[in-house]
Amino acid sequence: MSPRTKKSSVVGAIKTIEDLRGKSAKTPEGTHIIAFSNFKGGVGKTTCAVNVAGCLAHNFRKKVLLVDLDVQASLGQWLLGPEQWHRWSKYRKKTSYQIFLDIIQGSHAWTVETATFSPDGCPRLQICPATFDMLDLDTQLHHSLDKPFHPKPFQCLDIQIKKICGQFDYVILDCPPNMYMTTKNALFCADYVLIPTLPDFLSTTGLKKLVGFLKDLRDQFLILDPETARIAGIIVNMYDARKSTSLPLIREIEAYVDETKHENDVFLPKARVFDQRIRNLSGIAKAQDAGLPVSLAFPTSHASQDFIQLTNQIMGVVENGRAEGSHQSV
Ligand SMILES: Nc1ncnc2c1ncn2[C@@H]1O[C@H](COP(=O)(O)OP(=O)(O)O)[C@@H](O)[C@H]1O
Ligand SMILES: [Mg+2]
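Rules and cut-offs
Sequence order as written defines residue numbering, which begins from 1 separately in each chain. Each chain is given a letter, starting from A, and each ligand a number, starting from 1, according to the order in which they appear as written. Two thresholds apply to this predicted model, a pLDDT of at least 70 for residue-level local features and 80 or more for giving and counting side-chain atom pairs, whereas whole-chain, interface and lining totals are computed over all residues. Computation of side-chain values covers all heavy atoms of the structure but excludes hydrogens and water. Strands are runs of DSSP state E lasting at least two residues, helices are runs of H or I lasting at least four, and both sets are numbered from the N terminus onward. Just to be clear, the radius of gyration here is over C-alpha atoms, and the globule rule we use is 2.2 Å times residues to the power 0.38. Residue burial is assigned from relative accessible area. The probe radius is 1.4 Å, only protein chains are included, and a residue is buried under 20% of its type maximum, exposed over 50%, and partly exposed in between. Between two residues, a contact is recorded if the distance between any of their heavy atoms is within 4.5 Å. Computed with a 1.4 Å probe, the accessible areas rest on the Shrake-Rupley method; for each residue, only the protein chains presented here act as cover. His is not counted, nor are the chain ends; Lys and Arg add positive charge and Asp and Glu add negative charge. Where a charge lies is defined by one atom per residue type: Lys uses NZ, Arg uses CZ, Asp uses CG and Glu uses CD. Axis geometry follows a simple rule: fit a line to the C-alpha atoms, using only the stretch in contact for helices, then measure angles between N-to-C directions, giving values from 0 to 180 degrees. Orientation labels follow simple angle bins: below 35 degrees gives roughly parallel, above 145 gives roughly antiparallel, 65 to 115 gives roughly perpendicular, and whatever is left gives oblique. Following the grouping adopted for this structure description, the nonpolar residues are Ala, Val, Leu, Ile, Met, Phe, Trp, Tyr, Cys and Pro, the charged ones are Asp, Glu, Lys and Arg, and the polar ones are all others, Gly among them. Proximity criterion: a residue is near a molecule or strand once any of its heavy atoms comes within 4 Å of it. Pairing of N or O atoms within 3.5 Å defines a polar contact, subject to two protein rules: one partner must be a possible hydrogen donor and the other a possible acceptor, and residues neighboring in sequence count only if both atoms are side-chain atoms. For a crossover, the right-handed case is the one in which the path from the first strand over the helix to the second runs clockwise, viewed with the strands pointing away from the viewer. Whether two strands pair depends on DSSP finding at least two bridges between them. Taken from the helix axis, the directions to the C-beta atoms give the arc we talk about. Joining through side-chain atoms within 4.5 Å is the link that ties buried Ala, Val, Leu, Ile, Met, Phe, Trp, Tyr and Cys residues into a set, and such a set is a nonpolar core.

A. Representation of the overall build of the protein chain. Of regular secondary structure, the protein chain possesses 14 helices and 8 strands. Here the protein chain has a C-alpha radius of gyration of 19 Å; the compact-globule value for 330 residues is 20 Å, and the two agree. Across its three principal axes, the protein chain shows a C-alpha extent of roughly 60 × 45 × 35 Å. Counting every position in the protein chain, which comprises 330 residues, the buried fraction comes to 61%. Long-range contacts, defined as pairs at least 24 residues apart, comprise 76% of the intrachain contacts of the protein chain with a sequence gap of at least 6. Accessible surface computed for the protein chain: about 13,900 Å², of which carbon and sulfur atoms make up 53%. Where the 38 positive side-chain charges of the protein chain centre and where its 34 negative ones centre are 3 Å apart.

Here it is in structure tokens:
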């Protein structure tokens, strides 16, 4: 991690020259930072982030930090319950908003110890909820930081997460349904981008636009870090085998990924459309009612099985050279 030596009177978070030039630090060996992103809403970003994080922690015994970056704050409402989340989110210091405020204001208020909670029965999973206060965060980031000698507005999360991520095997970032500044922070911070999508016509068309957008974004990031914001995989969510249109669209996405991989480097060479699809299952809603990831709430359900298999495939891509299935879930 870079030593922090200088402070600014305007923005206390001015960093060393090293910070301003590039990523604040490399992700430590053994830690993997993954952003679940898609500019479409309702495709399962939060569902996949919560359940993959739950499987990593509960079934594969990894230490996981799950951070909600969406102002809708669904993740906290799911895992704390609406009332408890409401009480929690009144304290900005206990939410992901403070991660950004600490850079904007030069404070040191956000800590993993005070701003996260663990669901019952899963101490390895630590969750940092979002708050509705984040509504104008994008504007704040632009206004406060888009100046010479300040970190770039998209660098805040990276600087902050890199200070603490060595405590975890995985950091999972749940992105908002857009490509504005908060999402750019997540993409710049992440080593891997996973894109949940639905096997329908509009989502498939949108996916190609999204990949084009990510490619442009990587051009902006390139000077700071050529390895950032690369797609590791596409997750097919709400799959229904009875729909005759689903399979041809999935094949189209697979062909698109293979073709694009050869044209540019927005996809990692090992990127794939995961074979394990997440079916449209009632277990997901029931797990939300239970306030838990599905593999904790209903371990033997179809939804739990889908997510355990998907998580195993994600680990196969992310943990270089690890053969799938070599980690047995418990
Ligand atoms: N595989 C699935 N089966 C059933 N319902 C799902 C599934 N995936 C997502 N949902 C539901 O769809 C809605 C949108 O999912 P969500 O994860 O919030 O999407 P996003 O974060 O992309 O906006 C939620 O109500 C969620 O419970
Ligand atoms: Mg969401």
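B. Region of the structure containing the environment of Gln220. Among the secondary structure elements, Gln220 is positioned in helix α10 (residues 201–221). A residue is classified by how much of its surface remains accessible, and Gln220, at 43% relative accessible area, is partly exposed. C-alpha separation for the pair Gln220 and Gly166, spaced 54 residues apart in sequence, amounts to 27 Å.

C. Just the environment of Gly316, in detail. As for its placement among the helices and strands, Gly316 is situated in helix α14 (residues 302–318). Taking relative accessible area as the criterion, Gly316 reaches 19% and is therefore assigned buried. Separated by 46 residues in sequence, Gly316 and Lys270 place their C-alpha atoms 9.8 Å apart.

D. Just unusual backbone geometry, in detail. The backbone phi angle of Ala229 is positive, close to 55°, even though this residue is not glycine. Summarising the element assignment, Ala229 is placed in the loop between α10 and β6 (231–239). For Ala229, a relative accessible area of 0% translates into the label buried. The backbone of Met238 sits at a positive phi, close to 55°, despite the residue not being glycine. In this structure, Met238 sits in strand β6.

E. Focus on the packing of α10 against helix α11 (residues 246–263). Contact geometry for α10 and α11: axes closest at 10 Å, N-to-C directions at 10°. It follows from the interaxial angle that α10 and α11 lie roughly parallel. Contacts between α10 and α11 pair Phe201, Thr204, Leu207, Lys208 and Val211 from the former with Leu249, Glu252, Ile253, Tyr256 and Thr260 from the latter. A class-by-class count of the residues in the contact of α10 with α11 yields 6 nonpolar, 2 polar and 2 charged.

F. Broad picture of the site of ligand 1. Around ligand 1 sit 15 residues, and of these Gly42, Lys45, Thr47, Arg279 and Gln288 come closest. In the model, an oxygen atom of ligand 1 is placed 3.1 Å from a nitrogen or oxygen of the Val43 main chain. Within the backbone of Gly44, an N or O atom sits 3.0 Å from an oxygen atom of ligand 1. Within the complex, 76% of the 560 Å² of free accessible area of ligand 1 lies under protein. Put simply, the parts of the chain that give the shell around ligand 1 at least two residues each are α2 (45–59), β6, β8 (278–279) and α12 (282–290). When residues of the shell around ligand 1 are assigned to their parent elements, the largest contribution, 3 residues, is made by α2. Residue composition of the shell around ligand 1, by class: 5 nonpolar, 8 polar and 2 charged.

G. Fine view of the pairing of β6. The buried fraction of β6 is high, at 8 of 9 residues. What joins strand β5 (residues 192–197) to β6 is α10, and the crossover it makes is right-handed. Where β6 lies against strand β7 (residues 267–273), 3 bridges are found, and the strand directions are parallel. Looking at β7, one finds that Gly233 is bridged to Arg272. Pairing of β6 with β8, which is carried by 2 bridges, proceeds in the parallel orientation. Among the inter-strand pairings, Tyr239 is bridged to a residue of β8, identified as Arg279.

H. Inspection of the side chain of Ser304 at higher detail. The topology assignment puts Ser304 in helix α14. Contact partners of Ser304, with chain neighbours within four places excluded, come to Val294, Ser295, Phe298 and Pro299.

I. The arrangement of helix α4 (residues 82–89) in detail. Of the positions making up α4, those classed as buried are Trp85, Trp88 and Ser89. Along the axis of α4, the buried positions cluster into a sector of 90°, meaning they face one direction only.

J. Geometry of the nonpolar core. Formed by 107 residues in total, the largest nonpolar core has its most connected members in Leu66, Ile172 and Leu173. In contact with Leu66, other than residues within four places in its own chain, are Ala49, Val50, Ala53, Leu75, Leu79, Leu125, Gln126, Ile127, Cys128 and Ile172.

K. The pairing of strand β2 (residues 64–68), seen in detail. Counted residue by residue, β2 has 5 buried out of 5 residues, so it is predominantly covered. By the bridge criterion, 4 bridges tie β2 to strand β3 (residues 125–128) in an arrangement that is parallel. Bridge pairing in β3 links Leu65 to Gln126. Looking at chain direction, β2 and strand β4 (residues 170–174) are connected through 5 bridges and run parallel. Bridge assignment links Leu66 to a residue of β4, and that residue is Ile172.

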